[in-house]
Amino acid sequence: MAYAAYREYAGTVRAKSETVFKVLDVTVPSVDACRVRRGIAACKGAGVLRCEPLTRVNATCANGAPRARLMIRLPLESYASVVHCLLECAPDGEIGHLTSWREHLRRCGLANGG
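The present account deals with the structure reproduced in this document. The shown structure was predicted, so the numbers you read here are calculated from the model rather than taken from an experiment.

Comments concerning the packing of helix H1 (residues 30–41) against helix H2 (residues 79–89)
Part 1 of the argument: For the pair H1 and H2, the least separation of the axes is 9 Å and the interaxial angle reads 150 degrees. On the basis of their axis angle, the class for H1 and H2 is roughly antiparallel. You can see that H1 and H2 cross each other, and the crossing is right-handed. In this structure, H1 uses Asp32, Arg35, Val36, Gly39 and Ile40 to contact H2, whose residues at the interface are Val82, Cys85, Leu86 and Cys89.
Part 2 of the argument: A class-by-class count of the residues in the contact of H1 with H2 yields six nonpolar, one polar and two charged.

Quick look at the nonpolar core
Considering soluble globular proteins, one finds that nonpolar side chains tend to be buried as a cluster.
Part 1 of the argument: In terms of nonpolar packing, the biggest core is built from 17 residues, with Leu24, Val28, Val36, Ile40, Ile72, Val82 and Leu86 touching the most fellow members.
Part 2 of the argument: Of all the secondary-structure elements, those providing two or more residues to this core are strand E1 (21–29), H1, strand E3 (67–75) and H2.

Points about a nonpolar patch on the surface
Part 1 of the argument: On the surface, a nonpolar cluster with roughly 510 Å² of combined accessible area is contributed by Val20, Leu76, Tyr79, Leu87, Ile95 and Leu98.
Part 2 of the argument: Going through the elements one at a time, H2 and strand E4 (94–100) are the ones with two or more residues in the nonpolar patch.
Part 3 of the argument: Along the polypeptide, Ile95 turns up in strand E4.

Here's the deal with H1
Part 1 of the argument: Its twelve residues give H1 an end-to-end C-alpha distance of 17 Å, which sits within 8% of 16 Å, the value for a rise of 1.5 Å per residue.
Part 2 of the argument: Regarding H1, the residues found buried are Asp32, Ala33, Val36, Gly39 and Ile40. The buried residues of H1 occupy an angular sector of 135 degrees when projected down its axis, which confines them to one face. Exposed side chains of H1 directed beyond 90 degrees from the buried face belong to Val31, Arg38 and Ala41.
Part 3 of the argument: Elements that come into contact with the buried residues of H1 comprise E1, strand E2 (47–53), E3 and H2.

Topic: the side chain of Asp32
Part 1 of the argument: With respect to the helices, strands and loops of the structure, Asp32 is situated in helix H1.
Part 2 of the argument: Overall, the relative accessible area of 9% leaves Asp32 in the buried class.
Part 3 of the argument: Excluding anything up to four places from it in sequence, Asp32 contacts Cys89 and Ala90.

Cut-offs applied
Residues numbered from 1 in each chain as written. Predicted model: local features only at pLDDT ≥ 70, side-chain atom pairs only at ≥ 80, totals over all residues. Heavy atoms only, no water. Axes fitted to C-alpha atoms, helices over the stretch in contact; angles between N-to-C directions. Helix = DSSP H or I, 4+ residues; strand = E, 2+ residues; numbered from the N terminus. Parallel < 35°, antiparallel > 145°, perpendicular 65-115°, else oblique. Left-handed = near helix turned anticlockwise from the far one by under 90°. Contact = heavy atoms within 4.5 Å. Nonpolar A, V, L, I, M, F, W, Y, C, P; charged D, E, K, R; others polar. Core = buried A, V, L, I, M, F, W, Y, C linked by side-chain atoms within 4.5 Å. Buried < 20%, exposed > 50% of the residue type's maximum accessible area, 1.4 Å probe, protein only. Patch = residues over 30% accessible without salt bridge, like charges linked within 9 Å, V, L, I, M, F, W, Y side chains within 5 Å. Areas by Shrake-Rupley, 256 points an atom, 1.4 Å probe, with all protein chains shown as cover. Salt bridge = Lys/Arg side-chain N within 4 Å of Asp/Glu carboxyl O. Expected span 1.5 Å × (residues − 1). Arc of directions from axis to C-beta.

Encoded structure:
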């Protein structure tokens, strides 16, 4: 019985699939922020970049509870699972803008965008 070994030619370059990251702004009641952070951690490739309490006068939910703003970094293919998680963890939250990673870095003061 004969065996053959195959090897890729050293000059070939494998196509590297780059993940396209987005940043989603979300506002939730402060009491739900921890639950949202834990839920997002379970979503593939997603993570919370920032979680800050909103201290402005009008920074309360319809029921008067204080709110927190979260910035969530996620691969575009995980968008549906992240939104599903948000709806389960914080039904009183607000889903805001979805921006590109480069735009997020520019807004944070990094001129070259990473």
